[in-house]
Amino acid sequence: MAVLLTIVVAAVIILPQVWRQRRAASKYSQRLVILGFDGLDPALVEKWMREGKLPNMKRLADRGGLYPLRTTESPESPTAWASFATGVNPGKHNIYDFLVRDTSTYLPDLGMVRREPAKFLFNYIPIAKPKIHSIRGGESFWVTAGKAGVRSSILTVPVTFPPENVPNGELLSGLPLPDIRGTMGTFYYFATDLSRYEEGNTEFGGILKRLAMDKGVARTELVGPPNPIVRQRLLALRAKGPSPSDAGRRTMAQLQADEDIRVPMTVRWNRPDKTATIEIEGKSIHLEPGKMSRWIDLDFRVNFLVRVHGMAQMLLMNADNELQLYVSPVNWKPDNPPVPMSSPASFSGDLFERLGYYRTLGWAEATWPLNEDRMDEKTFMDDLYRAFDDRAQVILSRIDARNWDVLVGVIESTDRVQHMMWRFMDPKHPMYDAALAAKYGDAIERVYRRADQFVGEVAERLDPGTPILIVSDHGFHSWRKAVNLNTWLVQQGYMALGGQQPGEKTLDDLFGGGEFWENVDWSRTRAYAMGIGQIYFNLRGREAHGIVSPGAESKALADELGARLLTMRDPDDGAPIVRAVYKRDDVYSGEFLKNASELQVGMEDGYRVSWQTTLGGSPQGIVYPNMKKWSGDHGGYDFATTSGVLISSRPVARPSPSIMDIAPTVLSYFGVSIPASIDGKSIF
Ligand SMILES: [Zn+2]
């Protein structure tokens, strides 16, 4: 009763005050809403709008207009959304790709952020929390506008993790907010029919475990985050160099085995009724096939003093002849994340209190398990709609809060469905399957229609005078064939190999510090490809073993290699593969120019750099059919043919608008002066 009373009293006294405070803070009578749908393609929008399938978007376009929105080189989400936020070209914001490379080791690392691990005194007492820094330069328009008093609500926009401090605003982080393991989404797959050979970590970051049933019970474990104390001890030992003693080597091996925190888990197979019961951390979860569980809280104990809080969902995919269990990536708990995931830091927890559980992982859709054949299309689509709805409910709740002058909300399910389901719209795709296409050929269209319905839900909550902009960061292409750019560089004499062909690279190598470039002879290598379409020169004075002199030699190499790339032909039919090659100094300018690759390759529709190329690998063969379900893409295509979408409910004065134009548009709409460093121009 006392508790109830307290709540009532708090509601009566505190809430109106908060409300008044927020209302009183506004000095603007105008509002603006920007909805982002990642990867929304202009040709598809136009087609389905013409066919009457996107009525709400059409209503807005009829009042203003529908345009292709020029994207960045390369046409990738991190790059383009960073230009969206800052209004500048990548040379000024420093985000060129998902990956960056270390010029002293040539090792790839996840771009966008720099991590500082937590620190422990005596390998026990926590003295410093982990820190994550953004490498993005420039200033977001919500920060510039916020300083001038414009109140903002910024929701799950890519490249907003770690969250920046937003004056007069709130921000919920999007990509690259990781899962509990620090990855873009490590999923788990447990099955009785997995062979020992299949167990382990997959190319795309899944952990597969075989279930050995003993009288219907299997004991296994869920692999949680790396233990920061063990990591700290490992780093200290590695810094000392290889241990001369057996004891030292044993300690090292033991630490390596304990590097990840593991939680014991029991799987009970109730064969007669084809269900399963999972026991984990004292909780018992009953699972029926095909039904996603509620969110399950998971605590990972670093030691007596420190715990990391996460949450996951489970799905029993089969409990008939075999048992197959999927566990989602362990998401951060919004009310107790390892480091803040919103600004103010309490905002993510406030949303949790108000809305309940919502997905926090930046890469929210289950693309990896589908790509690895550990999930079917139906499960993927059901899950994708849940991801969409989670973001939609957060955005709608903030629209209703009306504590903002400008609101920006981004949903990325439109991008993920196109990556995975494009094969069913393209009969020429090697993964086209007529039977599945009959069922899922309209999967992408259905998600576009869901997006349109959401636009309607937003529009009806707003005053008719509030402009709405719908923005996407890039369009889409079919990805029929994969291109090994490094292998081509070897064949053409720009890269030299010595020694054995190394094994294929996995994302686990990337996050776990695996080996890269083992067989590359840097003393004879002039250029190397990494990321999605970037070619870097092995530059003297920059790369550790650079051989190309900056200046005239580098410029001549850019001319020569650029021209040679344009002659690359598909050995199957002689079709051109490369549509354009962009030289660094022609397309970028700014203080981070030095971090850009010398060349950015823009491929023709149908061709994308291979996954192995993105991680620097050079397997056999130049071109091969893309036999993965990840069948549509945009990164590494020619940006000139990969524009995103702009739908404006207000007439647009600027012909051929660019994604860099959105930031200055918002600033000028609120009468805030546009900083001279901004490259874009207002579209109104
Ligand atoms: Zn994408």
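Residues numbered from 1 in each chain as written. Predicted model: local features only at pLDDT ≥ 70, side-chain atom pairs only at ≥ 80, totals over all residues.

A. Main features of the overall build of the chain. When helices and strands are counted, the chain shows 20 helices and 34 strands. Rg of the C-alpha trace for the chain: 26 Å, near the compact-globule value of 26 Å for 684 residues, within the 12% margin. For the C-alpha atoms alone, the extent of the chain along its principal axes is close to 70 × 65 × 55 Å. Across the 684 residues in the chain, those meeting the buried criterion constitute 49%. Within the chain, counting contacts between residues at least 6 apart in sequence, those at least 24 apart form 67% of the total. (Helix = DSSP H or I, 4+ residues; strand = E, 2+ residues; numbered from the N terminus. Rg over C-alpha atoms; globule rule 2.2 N^0.38 Å. Buried ≥ 20, exposed ≤ 12 C-beta atoms within 10 Å, placed from the backbone. Contact = placed C-beta atoms within 7 Å.)

B. The arrangement of the packing of helix α11 (residues 377-401) against helix α12 (residues 413-421) in detail. α12 packs onto α11 with a crossing angle of 165° between their chain directions and a minimal axis gap of 10 Å. With respect to their mutual orientation, α11 and α12 come out roughly antiparallel. α11 and α12 meet at a crossing whose hand is right-handed. Facing α11, whose interface residues are Phe380, Leu384, Ala387 and Phe388, α12 presents Ser413, Arg416, Val417 and Met420. (Axes fitted to C-alpha atoms, helices over the stretch in contact; angles between N-to-C directions. Parallel < 35°, antiparallel > 145°, perpendicular 65-115°, else oblique. Left-handed = near helix turned anticlockwise from the far one by under 90°.)

C. Structural view of the environment of Leu155. In this structure, Leu155 sits in strand β9 (residues 152-155). The exposure class assigned to Leu155 is buried, which follows from the 26 C-beta atoms found within 10 Å. It is 46 Å that separates the C-alpha atoms of Leu155 and Gln492, two residues lying 337 residues apart in sequence.

D. Structural view of the domain arrangement of the chain. Taken domain by domain, the chain comprises domain 1 (36-113 + 126-181 + 336-477 + 642-669), domain 2 (187-328) and domain 3 (480-638). Taking the mean C-alpha position of each, domain 1 and domain 2 sit 31 Å from one another. The partner domain 2 presents 20 residues to the 15 residues of domain 1 that form the contact. Taken together, the residues that form the side of domain 1 that touches domain 2 break down as nine nonpolar, three polar and three charged. (Domains from an automatic or database assignment. Nonpolar A, V, L, I, M, F, W, Y, C, P; charged D, E, K, R; others polar.)

E. Spotlight on the sheet that holds strand β29 (residues 578-583). Read from one edge of the open sheet, four strands run β27-β28-β30-β29, paired in antiparallel fashion. A strand with exactly one partner marks an edge of an open sheet, and here the two such strands are β27 (527-530) and β29. The sheet shows a mean angle of 25° between the axes of neighbouring strands, taken without regard to direction. Relative to strand β30 (residues 599-603), β29 runs antiparallel, the two being bridged by five bridges. Looking across to β30, one finds that Ala580 is bridged to Gly602. (Pairing = 2+ DSSP bridges.)

F. A look at the environment of Ala527. Tracing the sequence through the fold places Ala527 in strand β27. The residues contacting Ala527, other than those within four sequence positions of it, are Leu489, Tyr494, Met495, Ile535, Tyr536, Phe537, Asn538 and Leu561.

G. Quick look at the sheet that holds strand β20 (residues 314-319). Read across the sheet, five strands follow the order β12-β13-β11-β21-β20 without closing on themselves; strand pairing throughout is mixed. The sheet is open, and its two edges are formed by β12 (200-201) and β20, each paired on a single side.

H. Structural view of the nonpolar core. Judged by nonpolar contacts, the single largest core of 136 residues is most densely connected at Val267, Ala276, Leu325, Ile470 and Val666. Discounting residues that sit within four places of it in the chain, Leu325 has contacts with Phe190, Ala191, Val267, Ala276, Met314, Leu316 and Met317. Formed by 35 residues, the second largest nonpolar core is a distinct cluster that contains Tyr494, Trp517, Leu561 and Tyr637. (Core = buried A, V, L, I, M, F, W, Y, C linked by C-beta atoms within 7 Å.)

I. Unusual backbone geometry, seen in detail. Cis geometry marks the peptide bond from Glu73 to Ser74; its omega dihedral reads -5°. By secondary structure assignment, the location of Ser74 is in the loop between β2 (65-69) and α4 (77-86). Of note, the bond from Ser343 into Pro344 is cis; its omega dihedral lies within 30 degrees of zero at -5°. By the element assignment, Pro344 lies in the loop between β23 (342-343) and α9 (347-355). Here the phi dihedral of Thr156 falls at roughly 50°; this positive angle occurs in a residue that is not glycine. One can find Thr156 in the loop between β9 and β10 (169-172). Not every positive phi belongs to a glycine, and Asp373 is a case in point at roughly 60°. Relative to the elements of secondary structure, Asp373 occurs in the loop between α10 (367-371) and α11.

J. Up close: α11. Along its 25 residues, α11 runs 36 Å from first to last C-alpha, staying within 8% of the 36 Å computed at 1.5 Å per residue. Taken together, the buried positions of α11 are occupied by Phe380, Met381, Asp383, Leu384, Ala387, Phe388, Arg391, Ala392, Val394, Ile395 and Arg398. Directly beyond the C-terminal end of α11, a positive phi value near 50° is found at Arg402. (Expected span 1.5 Å × (residues − 1).)

K. Helix α20 (residues 662-669), seen in detail. For α20, the buried fraction is high: seven of the eight residues fall into the buried class. Of the surrounding secondary structure, the elements contacted by the buried residues of α20 are β1 (32-37), α4, α6 (141-147), β24 (406-411) and β25 (468-471). Among the residues trailing α20, Gly671 stands out with phi positive, at a value near 70°.

L. Structural detail: the confidence of the model for the chain. Considering every residue of the chain, the mean pLDDT works out to 91; 93% of them sit at 70 or more. Contacts of residues 1-24 to residues separated by more than four positions or lying in other chains number one contact, the stretch itself having pLDDT below 50. (pLDDT = per-residue confidence, 0-100.)

M. Examining the packing of α9 against α11 more closely. At a minimum axis separation of 11 Å, α9 and α11 run at an interaxial angle of 95°. As the angle between them shows, α9 and α11 are arranged roughly perpendicular. Across the interface between the two elements, Leu351, Arg354 and Leu355 from α9 touch Gln393, Val394 and Ser397 from α11. Residues that form the contact of α9 with α11 fall into these classes: three nonpolar, two polar and one charged.

N. Looking closely at the pairing of strand β13 (residues 206-210). Where strand β11 (residues 187-191) meets β13, five bridges bridge the pair, whose relative direction is parallel. Among the inter-strand pairings, Ala191 is bridged to a residue of β13, identified as Arg210. In this structure, β12 lies alongside β13, joined through two bridges in antiparallel fashion. When the sheet's bridge partners are listed, Asn201 is paired in β13 with Ile207.

O. Structural detail: the environment of Ile683. Structurally, Ile683 is set in the segment after α20. Considered as a pair, Ile683 and Ile662 are 21 residues apart in the sequence and their alpha carbons are 7.4 Å apart. What Ile683 contacts, discounting residues up to four positions off in sequence, is Ser648, Val652, Ala653, Arg654, Pro657, Asp661 and Thr665.

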